[in-house]
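Chains, contacts and geometry: an overview
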Amino acid sequence: MSSESKSKQPIALIKTAISTLFTHPQILSPYAIIAFYEFLIFELLFFAPRYPLVTFFGPIIRKLEGEVFLHYPFSYYVLAKWFQSTLLQSVIFVVLNSFFIGVSIAIINAINNGQPVILKAAFKRAAASYVHLFIGAALPVATMIGLSQLHELVINRALVIRSTSGIYYILKQMVLLSVPYFNLFLAVFSTALFIYVIPGIIIDKKKIFGALASNFKILWKSFGFTLLVLILPALIYLPVILLQSTTSIYKDAAPPELLGILAIVGVILSIVIDIIHYTTMTTYYLLKKEEK
Amino acid sequence: MKKTIIIFLFILLAVFAVLTFLDKGEYGMEKQLWRAQKQFEQIARDPKAVPDQNYEGLVNQYRKIIQRFPANGLTRKIYIKIGKIYLLKKDYVKARAGFQEALTRYPDDPALCAEALMHIGNSFELEAKYDEAKTAYRQIIGQYAATDIGMSMPMYLITLNSKIGRPADAEKASAEALVFYDAIAKKNPETKYAFASQRMSAAVHFARGDTQKGIHLLGQMLNRYADSEMMTPQQIVLIVKTINTMSVANLKDYDTPIAIYQDFLNQHPRHQYSVYLQKTINGLKELKEKNIGIRFQAVPQSQNAQE
């Protein structure tokens, strides 16, 4: 797929992965399924405060958020909050995305081996290792949640700072204003810690512990490089964070629908980032394997 | 893959179309109302700078919403909105016509009727037609007493009469207000109206200069509603602050509030606000010794009686 010299150049590696996606669009098929159910969930949440779905969702929204959130424009806050909630997106990622990412990696492996791409075979391959894929996807999610909890301790500490000027005030502002950006970094960092687990499970048919061992073996030599390769595509998410974290500035000028649009754009970008992440790192994994 | 994507898109569009079709339109109405409300707020910011056609445009917008959703629960409020638009325009005749429409169309909705009448009264006040305003307010007292607006009206009449320089009318209104609140409390015992009427009675006593009577009424309230849901943290703080202000600041009397709170503590030693009241007593005793102004204890949202 690429030369060895290219393998340690982040931009070149990402470019190679993207060109692979263009030459072999079959890799995108599993991600099309991911996009489909994400859109479907978004659609259901969008209609949740309206008849007939309100008969089911109404009591839940009323209990968790309050009566006002069943009505326009506040329903958009619930749509954005629920759709982007860590709980919902984590469950989707672990239960469903893990499987489809596995399928896409099986397709990349087939292309790399010069074999014809048979979707059914790729699905079979992922299905055979589903339990391991499930755990492999749960690990970065659990790590991210754990790190977020630690981050929350820092935020809580910053919140009790009462200074309105000086170094402590600057520190407080830095901590509070960087929350969404730091969360993005934590997500990338957690992904980086386990990024070679799913390729190991699918390509080398390893079980979870074997995949974890080979994951850390690769990371031991190239964690910085891996993190950099994962950070670069994740940067495309920054405009969404910027717009979401500054809604208080333009909320009177912008329609409430913007919240919903930002939520769906955010999820589309997450899928794009996942595509680039897993295609790039699978390419790297295969190159490392070939080097051996 | 193209075929798969087309199937997915078809499913998503079909779900969207079906759910849009099944929607009863309430959401659409809320959306239109919200947009109209935004325009209303824009006009309210500087009514003088707004051209006439903008007022009429907004009224037409509201009329269209009424026509499109005549049976919707939110429609009745739109007539009030129309009246308010004309109030901003200072077209009081049209404003009253809007409020009157709400009254005529929804006579079974006491809260709405009370609100419409309150705005009618307000429009007369803006024209300095105080007698007509008072007639509207009296109509609220007579017909819609058991509403939030109805409860506040007798007190408002006292304020209005004082404001326009009619002390004799204010005195008469205050006597009527006491009778009114007493009757409400008797007619609706253990309801929020009985609770509010006692608080309002105290306010009337304060307005009449009968401060001691007002303080004792509030003290009675503390004991009577000690275990009631109506005695929220906000209410208890409001009552304590009022007692302290009227007693200490106005009468320089520290003993009455101390006695009221002590009586409460004797009757309800394990009450969730016992700590708060004990601190208030201590604070008042300290102030009495030093003979300085008043300071209020911060009350937590929920206080443990076992503390």
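These numbers come from a predicted model, not from an experiment.

Attention shifts here to a nonpolar patch on the surface. Residues and elements named next belong to chain A. A surface patch of nonpolar side chains, amounting to about 580 Å² of accessible area, comprises Leu87, Val91, Val95, Leu96, Val131, Phe134 and Ile135. The element contributing the most residues to the nonpolar patch is helix α6 (residues 86-112), with 4 residues. Checked against the element boundaries, Ile135 lands in helix α8 (residues 130-159). Judged by relative accessible area, Ile135 falls into the partly exposed class, the value being 33%.

Before going further, it helps to examine the side chain of His119 of chain B. Within the element layout of this structure, His119 of chain B appears in helix α6 (residues 110-126). When neighbours within four sequence positions are excluded, His119 of chain B is seen to be in contact with Ile80, Lys84 and Phe99 of chain B.

A few words now on the interface of chain B and chain A. Taken together, the contact pairs 18 residues of chain B with 26 residues of chain A. Counting each side, the surface lost to burial between chain B and chain A is near 2,100 Å², with a carbon and sulfur contribution of 73%. By the criterion of area lost to chain A, the three top residues of chain B are Leu12, Leu19 and Tyr27 of chain B, representing 32% of everything that side buries. Here chain B and chain A share 3 salt bridges between them. Its salt-bridge partner being Arg35 of chain B, residue Glu257 of chain A comes within 4.0 Å of it at the nearest N-O pair. Seen at the junction of chain B and chain A, the total is 5 residue pairs in polar contact (both at pLDDT 80 or more). Of all the secondary structure elements, the ones that give two or more residues to the side of chain B that touches chain A are α1 (2-22) and α2 (26-45) of chain B. With 9 residues, α1 of chain B is the single largest residue contributor to the side of chain B that touches chain A.

What follows deals with unusual backbone geometry. Here the bond from Tyr51 of chain A into Pro52 of chain A is cis, since omega is 5°, no more than 30 degrees from zero. With respect to the secondary-structure elements, Pro52 of chain A resides in the loop between α3 (29-47) and α4 (54-64). For the bond from Tyr72 of chain A to Pro73 of chain A, the omega torsion is 0°, close enough to zero to count as cis. Among the secondary structure elements, Pro73 of chain A is positioned in the loop between α4 and α5 (75-83). Its identity is not glycine, yet Lys90 of chain B carries a phi of approximately 65°, on the positive side. Its place among the elements puts Lys90 of chain B in the loop between α4 (75-89) and α5 (92-105). At Lys252 of chain B, a residue that is not glycine, the phi angle is positive and equals roughly 55°. Structurally, Lys252 of chain B is set in the loop between α12 (233-251) and α13 (255-267).

This part takes up the packing of helix α8 (residues 148-163) of chain B against helix α10 (residues 192-207) of chain B. Residues and elements named next belong to chain B. At a minimum axis separation of 10 Å, α8 and α10 run at an interaxial angle of 10°. What the angle tells us is that α8 and α10 run roughly parallel. Contacts between α8 and α10 involve Asp148, Met151, Ser152, Met155 and Ile158 on the former and, on the latter, Lys192, Tyr193, Ala196, Ser197, Met200, Ala203, Val204 and Ala207. Here the residues of the contact of α8 with α10 sort into 9 nonpolar, 2 polar and 2 charged.

With that settled, the discussion passes to helix α9 (residues 167-187) of chain B. Compared with an ideal rise of 1.5 Å per residue, which puts 21 residues at 30 Å, α9 of chain B spans 30 Å between its outermost C-alpha atoms and is within 8% of the ideal. Residues of α9 of chain B that are buried in the fold lie against α7 (130-143), α8 and α10 of chain B.

Residues and elements named next belong to chain A. Considering all chains together, one arrives at 29 aromatic pairs over all chains under this definition. Each ring, one from Phe99 and one from Tyr130, has its centre 6.2 Å from the other, and the planes form 65°; the classification is edge-to-face. Taken together, the residues Phe99 in helix α6 and Tyr130 in helix α8 connect sequence positions 31 residues apart. Given the relative accessible area of 16%, Phe99 is considered buried. We classify Tyr130 as partly exposed; its relative accessible area is 26%.

Time to look at the packing of α6 of chain A against helix α15 (residues 257-291) of chain A. A packed helix pair is summarised by two numbers, namely the angle formed by the two axes and the spacing between the axes. All names here are of chain A. As a packed pair, α6 and α15 sit with axes 10 Å apart at the nearest point and diverge in direction by 45°. Classified by the interaxial angle, the pair formed by α6 and α15 is oblique. α6 and α15 meet at a crossing whose hand is right-handed. Residues Gln89, Phe93, Ile101, Ile105, Ile108, Asn109 and Asn112 of α6 lie in contact with α15, whose contacting residues are Val267, Asp274, Tyr278, Thr279, Thr282, Leu286 and Glu290. Counted by class, the contact of α6 with α15 contains 7 nonpolar, 5 polar and 2 charged residues.

Right, let's talk about the confidence of the model for chain B for a bit. Averaged over all residues, the pLDDT of chain B equals 90, while 95% of them reach at least 70. Low pLDDT, under 50, characterises residues 301-307 of chain B; the predicted model gives this stretch 14 contacts beyond four residues in sequence or across chains.

Another point: the environment of Leu177 of chain A. By secondary structure assignment, the location of Leu177 of chain A is in helix α9 (residues 166-177). Assessed through its relative accessible area of 59%, Leu177 of chain A is described here as exposed.

Now for α10 of chain B. All names here are of chain B. Over its 16 residues, α10 runs 22 Å from end to end, which matches the ideal 22 Å to within 8%, given 1.5 Å per residue. The buried fraction of α10 amounts to 12 of the 16 residues, a majority that puts the element mostly inside the structure. Where α10 is buried, its residues touch α8, α9, α11 (211-224) and α12. Where α10 ends, the next residue or the one after it, Gly209, has phi of about 85°, a positive value.

Reading the values: rules and limits
Residues numbered from 1 in each chain as written. Chains lettered and ligands numbered in written order. Predicted model: local features only at pLDDT ≥ 70, side-chain atom pairs only at ≥ 80, totals over all residues. Heavy atoms only, no water. Patch = residues over 30% accessible without salt bridge, like charges linked within 9 Å, V, L, I, M, F, W, Y side chains within 5 Å. Areas by Shrake-Rupley, 256 points an atom, 1.4 Å probe, with all protein chains shown as cover. Salt bridge = Lys/Arg side-chain N within 4 Å of Asp/Glu carboxyl O. Helix = DSSP H or I, 4+ residues; strand = E, 2+ residues; numbered from the N terminus. Buried < 20%, exposed > 50% of the residue type's maximum accessible area, 1.4 Å probe, protein only. Contact = heavy atoms within 4.5 Å. Buried area = accessible area lost by both parts, 1.4 Å probe. Polar contact = N/O pair within 3.5 Å; in protein donor to acceptor, adjacent residues only side chain to side chain. Axes fitted to C-alpha atoms, helices over the stretch in contact; angles between N-to-C directions. Parallel < 35°, antiparallel > 145°, perpendicular 65-115°, else oblique. Nonpolar A, V, L, I, M, F, W, Y, C, P; charged D, E, K, R; others polar. Expected span 1.5 Å × (residues − 1). Phe/Tyr/Trp six-rings, centres within 6.5 Å; stacked < 30°, edge-to-face > 60°. Left-handed = near helix turned anticlockwise from the far one by under 90°. pLDDT = per-residue confidence, 0-100.

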